[in-house]
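Each chain, letter by letter, is given below.
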Amino acid sequence: YELRYPGRLFSIIIDSLSVVFITILSSFFVSRKWSFLSGIFLTFSVINIQNSHFYTTDIFITSFIIILVIISYKNIENPSVAKTFLLALFFSIGLAFKFSFLPSAIPIIFSYIFSFTQNKLTKYELFKLLAILLFSILLFLAIFQPYMFLDYKTYVSHILEQSKMVRGIHDFPY
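The structure contained in this document is the topic of the report that follows.

Conventions adopted
Residues numbered from 1 in each chain as written. Predicted model: local features only at pLDDT ≥ 70, side-chain atom pairs only at ≥ 80, totals over all residues. Heavy atoms only, no water. Phe/Tyr/Trp six-rings, centres within 6.5 Å; stacked < 30°, edge-to-face > 60°. Helix = DSSP H or I, 4+ residues; strand = E, 2+ residues; numbered from the N terminus. Buried < 20%, exposed > 50% of the residue type's maximum accessible area, 1.4 Å probe, protein only. Contact = heavy atoms within 4.5 Å. Core = buried A, V, L, I, M, F, W, Y, C linked by side-chain atoms within 4.5 Å.

**As for the packing of aromatic side chains**
Right, so step 1: One pass over the structure, following the stated rule, counts 12 aromatic pairs.
Right, so step 2: Look at Phe-29 and Tyr-73: their rings are 5.2 Å apart centre to centre, the planes differ by 65°, and that puts the pair in the edge-to-face class. Residue Phe-29 is located in the loop between α1 (4-27) and α2 (32-43), and its partner Tyr-73 is located in helix α4 (residues 57-77); the two are separated by 44 residues in the primary sequence.
Right, so step 3: Among the aromatic residues, ring-to-ring pairing joins Phe-10, Phe-60, Phe-64, Phe-90 and Phe-97 into one connected group.

**Examining the side chain of Ser-11**
Right, so step 1: Mapping Ser-11 onto the fold places it in helix α1.
Right, so step 2: Accessibility expressed as a relative area gives 0% for Ser-11, which makes it buried.
Right, so step 3: Non-local contacts of Ser-11, meaning those with residues more than four positions away in its chain, are made with Asn-51, Ser-52, Tyr-55, Ile-59 and Phe-60.

**Quick look at the nonpolar core**
Right, so step 1: Within the largest apolar cluster, 32 residues are counted, with the highest numbers of intra-cluster contacts made by Phe-91 and Tyr-112.
Right, so step 2: Elements that contribute at least two residues to this core include exactly α1, α4, α5 (81-97), α6 (105-117), α7 (123-144) and α9 (152-167).
Right, so step 3: If one sorts the elements of this core by residue count, α4 sits on top with 9 residues.
Right, so step 4: Every residue in contact with Tyr-112, bar those within four places of it in the chain, is listed here: Asn-75, Thr-84, Leu-87, Leu-121, Leu-126, Leu-129, Leu-130 and Leu-133.

Following this line, the structure appears as structure tokens:
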């Protein structure tokens, strides 16, 4: 069975959602007209069209990062357990796709720091939400990336090998 057709369709759907998400995200900072324009720019971005066509993981990673930034921004305004679970869910899904998703934890961390510094959270609430976040991330990673826990040595070995390959330290003949 040809999996490229359903793969491309799924990739197109996710990329289309990225356009919607980037429009929503930009509407927090600029007018509706300009946020619509940012969605148009993403729609006609050559790299997005190419990545959707070849159903690469970059399309999924982009969508998950945009979702994380949206939820992180909303978390600054009104931190909650529900937003904490959503942040953990999308972070775990993204990390299960690609380990290079790890830096996307930065907006999550900053959302809690900003909430705390703006006096929207007490120390107890901050530590409670961070504990829920950490536990939820581990739980979701166990669901979406069980290989990470079942064979940790091999998982780390593969990440280090791929890191060397990307940085040009380890060159493969193919």
